[in-house]
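The primary structure of each chain is shown beneath.
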Amino acid sequence: MNYSRYLRQFIESDLKSKMVFIGGPRQIGKTTLALSFLQPKNKNSSAYLNWDIIKHQKSIRTLEIPSDHPLIVFDEIHKFSKWKTLLKGFYDAYVPEINCIVTGSARLNVFKKGGDSLLGRYHYFRMHPLSPFEINKNFQMSDLQGLLKFGGFPDPFSRAEERFLRRWQKDRSERLVQEDLRDLGRVKDLTLIEMLMEALPSRVGSPLSIQSLREDLQVAHESVQRWIEILEYLYLVYRIPPFGSPKIRAVKKEQKLYFWDWTSVENSGPRFENFVANQLLRYCHYQEDVEGYKMELRFIRDIDGREIDFVILQDKKPLFAVECKTGENQLSSHISYFKNRTNIPRFYQVHLGKKHFGHPEKEGQMIPIDLFIKEILKL
């Protein structure tokens, strides 16, 4: 099934003047979206060049570009060591007569030391799992339950079969280890990083302890830190830092970790929290990649253990905070505590039920997650 991705209209607009980079997890739909701009809209087009296809590599290295296409799609060329120099040459030689989309399952906006040789020549978009609006413009809570169960990656969500999801997860994990990590060439013992990947889902929802992981894997602290950074680079996980305020004794060094594929998390509470984290991260990335704001996703936690799951900052100013609960409980007492001690203007408590009461700027608002996405995130 083809879904109408919300980024398409913005990519189409930006292609008029600059190259477009699309980054995101493996199998998220980047290639499908990029191919939708080509005629014919498939991988047999001569305007589609994939570094993983041997016969395409020579054309990429030598910039043998078909002149009868106004747009070229370069797929996975970040695996070519000189990819940024190649694209700089492409831009200077062809744009705007011929433009290009570059896709990759690694962070294409990682700058080289000494600056980015492509600065000013491209726009970068981060593609996320399917949003509720992308699967159904008039989505209901039942649609969100489907996303929670089968994830937002197009193939397993469309199939909606637990057996298919398990096999898809296994295949995706193996390909990440056997292909993506090997291509990076920075991990010698792949078995240990596989063990790390298996250990991380149980850490979702709690402060991440590198020391605990180090002890479990019996490796150096620096090794665990570097491996997590690599998994972030490959769009498997992401971390968020704490939010501080002068009137609270906030933790300063702890971070929380989440998966791009929330179905990696088995328990319902942490999975729901991971799902909400992804919706908020999508909002932040949209505001950065499309609107140009500086956004941050953080959490609040003080040294006494009081916590609010998420805080959104825009240009270093807090916009709102979000607490996650799977059930329809009363508003968390932590909301009033942090509301009186921070400059966060709005507090929401999202859940999977139907209760909807309170005011975000006063005592805080209890709001179903579907309404929160529709009325607050709108994306």
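Structure's up top.
The model shown is predicted, which means the values in this text are computed figures rather than measured ones.

Chemist: When you look at the overall build of the chain in this model, what are you seeing that I'm missing?
Modeler: For the chain, the count of helices and strands is 14 helices and 13 strands. The C-alpha radius of gyration computed for the chain amounts to 22 Å, which stays within 12% of the reference 21 Å derived for 379 residues, consistent with globular compactness. The C-alpha extent of the chain, read off along each of the three principal axes, is 65 × 50 × 45 Å. Out of the 379 residues belonging to the chain, those deemed buried represent 56%. As displayed, the chain offers around 17800 Å² of accessible surface, 46% of which is attributable to carbon and sulfur atoms.

Chemist: Even after reading the chapter, I still don't get the sheet that holds strand 10 (residues 317-324), so can you show me in this structure?
Modeler: Note: strands within a sheet are paired through backbone hydrogen bonds, in either parallel or antiparallel orientation. A sheet is described by the order of its strands in space; here 6 strands give the open sequence 8-9-10-11-13-12, paired in mixed fashion. Each of the sheet's edge strands pairs with one partner strand only, and the pair in question is strand 8 (295-301) and strand 12 (357-359). Ignoring which end each strand starts from, the neighbouring axes of this sheet average 30° apart. Pairing between strand 8 and strand 9 (residues 307-314): 6 bridges, direction antiparallel. Each residue of the ladder has a partner; that of Ile-300, found in strand 9, is Ile-308.

Chemist: Could you clarify how one ought to interpret the sheet that holds strand 1 (residues 19-23) in this entry?
Modeler: Strand order across the open sheet formed by 5 strands is 2-3-4-1-5, with parallel pairing between neighbours. The open sheet has two edge strands, strand 2 (48-50) and strand 5 (122-126), and neither has a second partner. Neighbour to neighbour, the strand axes of the sheet diverge by 20° on average, direction disregarded. Bridging between strand 1 and strand 5 involves 5 bridges; their strand directions are parallel. Within strand 5, the residue paired with Ile-22 across the bridge is Phe-125. Helix-sheet contacts for helix 3 (residues 54-62) involve strand 2 and strand 3 (71-75), and the interaxial angle to strand 2 is about 105°.

Chemist: Any chance you could explain the packing of helix 9 (residues 190-199) against helix 11 (residues 221-233) here in plain terms?
Modeler: For the pair helix 9 and helix 11, the least separation of the axes is 11 Å and the interaxial angle reads 75°. Classified by the interaxial angle, the pair formed by helix 9 and helix 11 is roughly perpendicular. Of the residues in helix 11, those in contact with Leu-192, Ile-193, Leu-196 and Met-197 of helix 9 are Val-224, Trp-227, Ile-228 and Leu-231. When its residues are assigned to classes, the contact of helix 9 with helix 11 shows 8 nonpolar, no polar and no charged.

Chemist: Where do I start with the pairing of strand 13 (residues 364-368) in this structure?
Modeler: Within a regular beta strand, the side chains point alternately toward one face of the sheet and then the other, so they alternate between its two faces. Counting buried residues in strand 13 gives 5 out of 5 residues, a clear majority hidden from the surface. Neither face of strand 13 is left uncovered, since the one carrying Gly-364, Met-366 and Pro-368 and the one carrying Gln-365 and Ile-367 both have all their residues buried. Relative to strand 13, strand 11 (residues 347-351) is paired through 4 bridges, and the arrangement is parallel. Directly across from Tyr-348, in strand 13, lies its bridge partner Gln-365. The sheet contact formed by strand 12 and strand 13 spans 3 bridges and is antiparallel. Each residue of the ladder has a partner; that of His-359, found in strand 13, is Gly-364. Once strand 12 ends, the chain turns through 4 residues before running back antiparallel as strand 13.

Chemist: I tried to follow the nonpolar core on my own but got confused; where do I start?
Modeler: Generally speaking, soluble globular proteins have nonpolar side chains that are buried together. Residues Phe-74, Leu-87 and Phe-372 are the most contacted members of the largest nonpolar core, which totals 118 residues. For Leu-87, the residues in contact, after removing those within four places along its chain, are Met-19, Phe-21, Phe-74, Ile-77, Cys-100, Val-102 and Leu-118.

Chemist: Would you mind going over the packing of aromatic side chains with me for this structure?
Modeler: For any pair of aromatic rings, geometry is given as the distance between the ring centres together with the angle between the planes. Following the criterion strictly, the structure yields 20 aromatic pairs and no others. For the pair Phe-320 and Phe-372, a centre-to-centre distance of 6.2 Å together with 80° between the ring planes defines the contact as edge-to-face. Separated by 52 residues along the polypeptide, Phe-320 in strand 10 and Phe-372 in helix 14 (residues 369-377) bring together distant segments of the chain. Both residues of the pair, Phe-320 and Phe-372, count as buried. Aromatic rings pair up to connect Tyr-235, Tyr-238, Tyr-258, Trp-260 and Phe-310 into one cluster.

Chemist: Would you explain the environment of Phe-347 in this entry?
Modeler: In this structure, Phe-347 sits in strand 11. With relative accessibility at 1%, the residue Phe-347 sits in the buried group. Between the C-alpha atoms of Phe-347 and Pro-96, which are 251 residues apart in sequence, the distance is 46 Å. Ignoring anything within four residues of it in the chain, the contact list for Phe-347 reads Ile-308, Ala-321, Ile-335, Phe-338, Lys-339, Thr-342, Pro-360, Gly-364 and Gln-365.

Calculation notes
- Residues numbered from 1 in each chain as written.
- Predicted model: local features only at pLDDT ≥ 70, side-chain atom pairs only at ≥ 80, totals over all residues.
- Heavy atoms only, no water.
- Helix = DSSP H or I, 4+ residues; strand = E, 2+ residues; numbered from the N terminus.
- Rg over C-alpha atoms; globule rule 2.2 N^0.38 Å.
- Buried < 20%, exposed > 50% of the residue type's maximum accessible area, 1.4 Å probe, protein only.
- Areas by Shrake-Rupley, 256 points an atom, 1.4 Å probe, with all protein chains shown as cover.
- Pairing = 2+ DSSP bridges.
- Axes fitted to C-alpha atoms, helices over the stretch in contact; angles between N-to-C directions.
- Contact = heavy atoms within 4.5 Å.
- Parallel < 35°, antiparallel > 145°, perpendicular 65-115°, else oblique.
- Nonpolar A, V, L, I, M, F, W, Y, C, P; charged D, E, K, R; others polar.
- Core = buried A, V, L, I, M, F, W, Y, C linked by side-chain atoms within 4.5 Å.
- Phe/Tyr/Trp six-rings, centres within 6.5 Å; stacked < 30°, edge-to-face > 60°.

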